[in-house]
Amino acid sequence: MEYTPKMTYKGKPFVRSGNEIYYGSMSDAYVLYLQILTTKKENGEELADKVHLILLSTDTSKPLPERIMRQTTKVGLYNALDIGGIWLGKALADAQA
């Protein structure tokens, strides 16, 4: 039975477990891995502050250091998803070419 994610963002699966988020499909060549490093309280809500993001190859035959294509740290989840979405889109387009 195929996995159906409960949440999507811009048409791609968005799976969160604690402070870790995977964005994209594991059946694609690349996914985006986000790790929430710090949070802040705003209007009584806990929001992501610093977010480390990694463009990660899904090729499990390679060791982890070789699977990391790009990485950076951004302030705010939206900023991280914005740049990460661009990276993921370009990487998937290049993988299909």
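My aim in this report is to walk through the structure given alongside it, one point at a time.

Parameters at a glance
- Sequence order as written defines residue numbering, which begins from 1 separately in each chain.
- Totals for whole chains, interfaces and linings use every residue, but because this is a predicted model, local features are given only for residues with pLDDT of at least 70 and side-chain atom pairs only at 80 or more, for both listing and counting.
- Hydrogens and water molecules were not included; the side-chain quantities draw on all heavy atoms of the structure.
- Runs of E in the DSSP output that reach at least two residues are strands. Runs of H or I that reach at least four are helices, and both are numbered from the N terminus.
- Throughout this description, buried means an accessible area under 20% of the type-specific maximum (1.4 Å probe, protein chains only), exposed means over 50%, and partly exposed covers the range between.
- What makes two strands pair is DSSP finding at least two bridges between them.
- Here a residue-residue contact requires only that any non-hydrogen atoms of the pair lie within 4.5 Å.
- Angles here are taken between N-to-C directions and fall from 0 to 180 degrees, while the axes themselves are lines fitted to C-alpha atoms, restricted in helices to the stretch in contact.
- The convention is simple: Lys and Arg are positive, Asp and Glu are negative, and His and the chain ends are not counted.
- Throughout this description, the term salt bridge denotes a Lys or Arg side-chain nitrogen within 4 Å of a carboxyl oxygen of Asp or Glu.

### Overview of unusual backbone geometry
Positive phi values are uncommon outside glycine, yet K10 reaches one of about 55 degrees. Turning to its location among the elements, K10 is positioned in the loop between β1 (8-9) and β2 (12-17). Although it is not a glycine, N43 adopts a positive phi angle of roughly 55 degrees. By the element assignment, N43 lies in the loop between β5 (39-42) and β6 (45-48). Judged by its relative accessible area of 78%, N43 is exposed.

### As for the sheet that holds strand β8 (residues 68-75)
Taken in spatial order, the six strands line up as β1-β2-β3-β4-β7-β8 in an open sheet, and their pairing is antiparallel. Single-partner strands in this sheet number two, and they are β1 and β8. Relative to strand β7 (residues 50-57), strand β4 (residues 30-36) runs antiparallel, the two being bridged by seven bridges. In the sheet register, Y30 faces β7, and the bridge partner there is S57. Set on the sheet, helix α2 (residues 77-96) makes contact with β1, β2, β3 (20-23), β4, β7 and β8; between it and β4 the angle comes to about 165 degrees.

### Details of the side chain of R67
Note that R67 resides in helix α1 (residues 64-67). No salt bridge is formed by the buried R67. Its closest oppositely charged neighbour is D59, at 6.8 Å. Residues within four places of R67 in sequence aside, it is in contact with L55, L56, S57, T58, D59, T60 and K62.

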